[in-house]
Amino acid sequence: MMDIHEISGTTEVLGLIGNPVAHTLSPVIHNTLSEKLKRNMVYLPFPVKEDPVQAVRGAFHLGIRGMNVTVPHKTTVIPALSGIDPAAEVIGAVNTLVRTDEGFQGYNTDMPGLKRALAQKGISLSGKQVVILGAGGASRAAAALALFERASGVYLINRTKEKAEAIADDMKKHFDDHIIPLARDEYGRIPEKPSIFIQCTSLGLKGKEGLLIEDRDFYRRAEYGYDLVYNPAETPFLKLFNELGIPCDNGLTMLLYQGIIAYELWTGETVTNEMAAEVLVRLRRKVYGGNILLVGYMGSGKSTAGKALAERNGMNFLDTDIEIEKEQGCSIRRIFEEKGEEVFRDIETAYLDRLSKNAVKTVIATGGGMVLRRKNRELMKNTGKVVLLSASEETTFQRVKQDTGRPLLDSEGESELKARISRMMAARSAAYQAAADQVVETDGKTVDEILEEI
Ligand code: ATR
């Protein structure tokens, strides 16, 4: 989001109406895009309990630039609009309102959002057999996409067959190809040929375990699976696909692209793949949790404290030195000896760059020298909260003197080791301070006490 102090007389407002809207992720998407594209806009949630038509008319007269609409108003707002996009008409629901001189024009970006999410994975529904699980509101976007894309066959299975039939009947008005509605026990009628599966039921959401069809063999015909549910990250449907070795993704990318397409409609901007990837990282951290990076001199307790911190908070743990050794298939000592420190530092930067794009809900213990590069310090700040574990020279000496795995500390006797530690700490202290969002003194503290402070 833009800095709140930048809000001015010319700031434009975007927003979401729905009920409830308290848990919406849309502000993350749109405010990140405005920040990256340097647009003077803010996106806000508007909980609308009753009379969505009045709310939309009011929004128009307030000069609001664009709106998203979510449950339960996606259909009920339609009478307030000056017009509706043909694809939204087919789906029977709008989720995006674009300002025109006459009023708001309604669009549905769920369908093209799904299309773009699939396209990112090289998947297209054209000419494919498509199996859609569920017949709620979300299934309509999937069903319409399959028909627009000229899938070779579209099967819609639902616990309540009447709802699948209702969608199939609605779609008949708009397409020559037909959807085949099925009850759960009729899945045997679906030809056993390669298919794209789209999971649109609410099964998989927290507290709703299970699969619409329990027969694992049914899913073997899938060549790709997409689950509109994204929290938890691995739903039972996706777990099964992973076990069967079939490529699959969760619905976070559909959420992302429906938002991106709405933003493009409001502003005329084109959001690049690179920018989309940056927004996705923010979304992932918001949904699945952020990272904590531990920095500090060798022996500052990054691994011990890091593992305990991860355990306590249900986070993952990784140590960049260990991961780099695994990736390179070679010890850091050997990389130093054979290729030199610069090469190792380049490997470190490349590794950190990838972490900054992918890591979620992880405690990351970093190599002692990682903070030395300014570029690394920037990447670390983009990855999560950076905590410096600091220790005195004496404590550090006591902790590292047994350890022979540290190439920068090779030295002859204890006094030389002490002198080296002292020099190195003096040389690195400024970089550590510059990298840190928080400094925790560890001298004389137990692990529990350190965790409390973080
Ligand atoms: P949305 O608008 O997000 O698609 P919805 O309209 O509430 O949500 O639809 C939920 C979908 O999940 C429906 O297909 C629903 O099946 P029914 O039409 O039979 O209700 C399906 N669903 C929800 N809970 C289910 C369960 N326990 N077993 C099977 N299907 C379930």
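See the structure above.
Residues numbered from 1 in each chain as written. Predicted model: local features only at pLDDT ≥ 70, side-chain atom pairs only at ≥ 80, totals over all residues. Heavy atoms only, no water.

Check the secondary structure of the protein chain and you find 17 helices and 17 strands. With the C-alpha coordinates of the protein chain rotated into their principal frame, the extents come out at 85 × 60 × 40 Å. For the protein chain, the proportion of its 454 residues judged to be buried stands at 51%. In the protein chain, 73% of the contacts between residues at least 6 apart in sequence involve partners at least 24 apart. A total of about 21,200 Å² of accessible surface is found on the protein chain, and carbon and sulfur atoms cover 49% of it. Separation of charge centres in the protein chain, based on 57 positive and 62 negative side chains, amounts to 1 Å. (Helix = DSSP H or I, 4+ residues; strand = E, 2+ residues; numbered from the N terminus. Buried < 20%, exposed > 50% of the residue type's maximum accessible area, 1.4 Å probe, protein only. Contact = heavy atoms within 4.5 Å. Areas by Shrake-Rupley, 256 points an atom, 1.4 Å probe, with all protein chains shown as cover. Lys, Arg positive; Asp, Glu negative; His and termini not counted. Charge placed at Lys NZ, Arg CZ, Asp CG, Glu CD.)

A few words on the packing of aromatic side chains. Enumeration over the complete set of coordinates arrives at 12 aromatic pairs. Ring centres of Tyr219 and Phe237 lie 6.2 Å apart, and the angle between their planes is 75°; this geometry places the pair in the edge-to-face category. Within this pair, whereas Tyr219 is found in the loop between strand 10 (195-199) and strand 11 (222-227), its partner Phe237 is found in helix 7 (residues 236-244), the two being separated by 18 residues in sequence. Like Tyr219, the residue Phe237 is buried in the burial classification. An aromatic cluster of three or more residues is present, and its members are Tyr187, Phe197, Phe218, Tyr219, Phe237 and Phe241. Directly above the ring of Phe104 sits Arg99, whose terminal nitrogen or CZ lies 6.0 Å from the centroid. In this structure, Lys418 is placed above the aromatic ring of Phe397, and the distance from its NZ or CZ to the ring centre is 4.8 Å. (Phe/Tyr/Trp six-rings, centres within 6.5 Å; stacked < 30°, edge-to-face > 60°. Lys NZ or Arg CZ within 6 Å of the ring centre and 35° of its normal.)

As a further point, take the sheet that holds strand 2 (residues 41-47). In spatial order, the strands read 2-1-3-5-6-4; together these six strands make up an open sheet with mixed pairing. Strand pairing shows two members of the sheet lacking a second neighbour, strand 2 and strand 4 (83-84), which therefore form its edges. In the sheet, strand 5 (residues 96-99) pairs with strand 6 (residues 104-107) via four bridges, with the strands oriented antiparallel. Residue pairing for strand 6: Thr96 is matched across the bridge by Tyr107. Helix-sheet contacts for helix 1 (residues 26-36) involve strand 2 and strand 3 (66-69), and the interaxial angle to strand 2 is about 165°. (Pairing = 2+ DSSP bridges. Axes fitted to C-alpha atoms, helices over the stretch in contact; angles between N-to-C directions.)

Glancing now at unusual backbone geometry. Note the cis peptide between Val71 and Pro72, where omega equals 5°. With respect to the helices and strands, the residue Pro72 is situated in the loop between strand 3 and strand 4. The residue after Asn231, namely Pro232, is reached through a cis peptide bond having omega 10°. Of note, Asp51 is a non-glycine position whose phi angle comes to about 55°, a positive value. Looking at the element boundaries, Asp51 is found in the loop between strand 2 and helix 2 (52-61). For Asp51, a relative accessible area of 43% puts it in the partly exposed group.

Moving on, we get to the site of the ligand. Close contacts around the ligand come from 16 residues, with Ala135, Asn158, Arg159, Thr160 and Lys208 the closest. In this structure, Gly137 approaches the ligand through a main-chain N or O atom, which is 2.9 Å from an oxygen atom. Contacts to the ligand include Arg159, whose side-chain N or O atom sits 2.8 Å from an oxygen atom. For the ligand, whose free accessible area comes to 640 Å², the fraction covered by protein is 70%. Grouping the amino acids of the shell around the ligand by side-chain chemistry returns five nonpolar, seven polar and four charged. (Near = heavy atom within 4 Å. Polar contact = N/O pair within 3.5 Å; in protein donor to acceptor, adjacent residues only side chain to side chain. Nonpolar A, V, L, I, M, F, W, Y, C, P; charged D, E, K, R; others polar.)

Moving on, we come to helix 11 (residues 320-328). Its side-chain oxygen placed 2.9 Å from the backbone nitrogen of Asp321, Asp319 serves as the N-cap of helix 11. In the segment just after helix 11, Gly329 is the residue with positive phi, at about 65°.

Another point: helix 1. Count 3.6 residues to each turn of an α-helix, and residues three or four apart come out pointing the same way. Counting buried residues along helix 1, nine of its 11 residues qualify, which places the element largely inside the surrounding structure. Tucked into the core, helix 1 has its buried residues touching strand 2, strand 3, helix 8 (252-267) and helix 9 (273-288). Within two residues after helix 1, Lys38 carries a phi angle of roughly 55°, on the positive side.

Within strand 8 (residues 153-158), six of the six residues are buried, leaving the element largely enclosed by the surrounding structure. Side chains Gly153, Tyr155 and Ile157 project from strand 8 onto one buried face, and the interleaved Val154, Leu156 and Asn158 project onto a second face that is buried too. Of the strand pairs in this sheet, strand 7 (residues 129-133) and strand 8 are connected by five bridges, and their pairing is parallel. Of the residues in strand 8, the one forming a bridge with Gln129 is Gly153. The parallel pair strand 7 and strand 8, bridged by helix 5 (residues 137-148), forms a crossover whose chirality is right-handed. With five bridges joining them, strand 8 and strand 9 (residues 179-183) adopt parallel strand pairing. Looking across to strand 9, one finds that Leu156 is bridged to Pro181. One crossover worth recording links strand 8 to the parallel strand 9 by way of helix 6 (residues 161-172), and it is right-handed. (Right-handed = clockwise from strand over helix to strand, strands pointing away.)

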